[in-house]
Amino acid sequence: MRLYLASTSPARLATLRAAGVEPILLVSGVDEEAVAAAAPGPLNGPALVELLARAKAEAVTDSRINGHPIDGFILGGDSAFELDGQLFGKPHEPEIATQRWAAQRGRTGVLHSGHWLIDHRGGEVRGATGAVSSASVTFASNISDAEIDAYVATGEPLKVAGAFTIDSLGAAFITRIEGDPHAVVGLSVSLLRQLLREFDAEWTDLWNIEHPGL
Ligand SMILES: Nc1nc2c(ncn2[C@@H]2O[C@H](COP(=O)(O)OP(=O)(O)OP(=O)(O)O)[C@@H](O)[C@H]2O)c(=O)[nH]1
């Protein structure tokens, strides 16, 4: 059984690989801002990330691999960081990342990750389901401006939702996580296992037999 990941996220790929699944990668090319703008009304964090995850998964359903339709499960994902009721994606610019860190140090926000799974076994859409996994993230209160400048200068915070990572350079500045850490990184494998069960599919059937485990 194969999983097709409609994402360019290095972290989603690394999370699946570490959990024993080697996905086939597809690029959705979705214009996230356009999809969000076309929504009928204002969206809260969970609704936004599920909408975008769905758009990414649905964008690749007609892809053909070596001339053949997709035969397996298609997964789309999206993540956003919520602080004081505001939603944040990637900062992209150093100045914005710096502002974000000045605002979030010592605070607790929530990272929402949306998942959309399409059962495309046999080369056609047989069903679809989605869910969101959220986790709260607390930042150290004594982060200095110099530390923020040094972290922003690495470039890492520019390309991740919320301008931080929990599993890389940002880890030193995160003091507490409540919820699934994988949801923070961008893909909750425990949630994905549950979603597969909705189609009577087993997570362990996705394991790549060459995966050595630890
Ligand atoms: N490694 C790591 N990445 C994170 C963390 N938090 C957020 N991210 C990444 O931030 C990115 C959020 O942007 P998204 O729009 O969801 O995904 P993307 O990277 O643009 O990739 P697409 O799925 O192709 O849109 C994702 O790649 C997440 O994996 C974290 O704590 N660790």
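Calculation criteria
- Residues numbered from 1 in each chain as written.
- Predicted model: local features only at pLDDT ≥ 70, side-chain atom pairs only at ≥ 80, totals over all residues.
- Heavy atoms only, no water.
- Helix = DSSP H or I, 4+ residues; strand = E, 2+ residues; numbered from the N terminus.
- UniProt positions renumbered as here; feature names shortened; annotations may be inferred.
- Contact = heavy atoms within 4.5 Å.
- Polar contact = N/O pair within 3.5 Å; in protein donor to acceptor, adjacent residues only side chain to side chain.

It is worth spelling out unusual backbone geometry at this point. Not every positive phi belongs to a glycine, and Asp-84 is a case in point at roughly 50°. Its place among the elements puts Asp-84 in the loop between strand E5 (72-83) and strand E6 (86-88). Here the phi dihedral of His-92 falls at roughly 65°; this positive angle occurs in a residue that is not glycine. Its location among the elements puts His-92 in the loop between E6 and helix H4 (94-104).

Looking now at the UniProt feature "active site" (unreviewed entry) in the protein chain. UniProt annotation of "active site" (unreviewed entry) refers to Asp-78 when read in the numbering used here. The residue Asp-78 is located in strand E5 in this model. If near-sequence neighbours (up to four positions away) are discounted, Asp-78 is found in contact with Arg-12, Glu-32, Val-49, Leu-52, Ala-53, Lys-56, His-112, Ser-113 and Gly-114. Of note is the side chain of Asp-78, whose polar atom sits 2.8 Å from the side chain of Lys-56.

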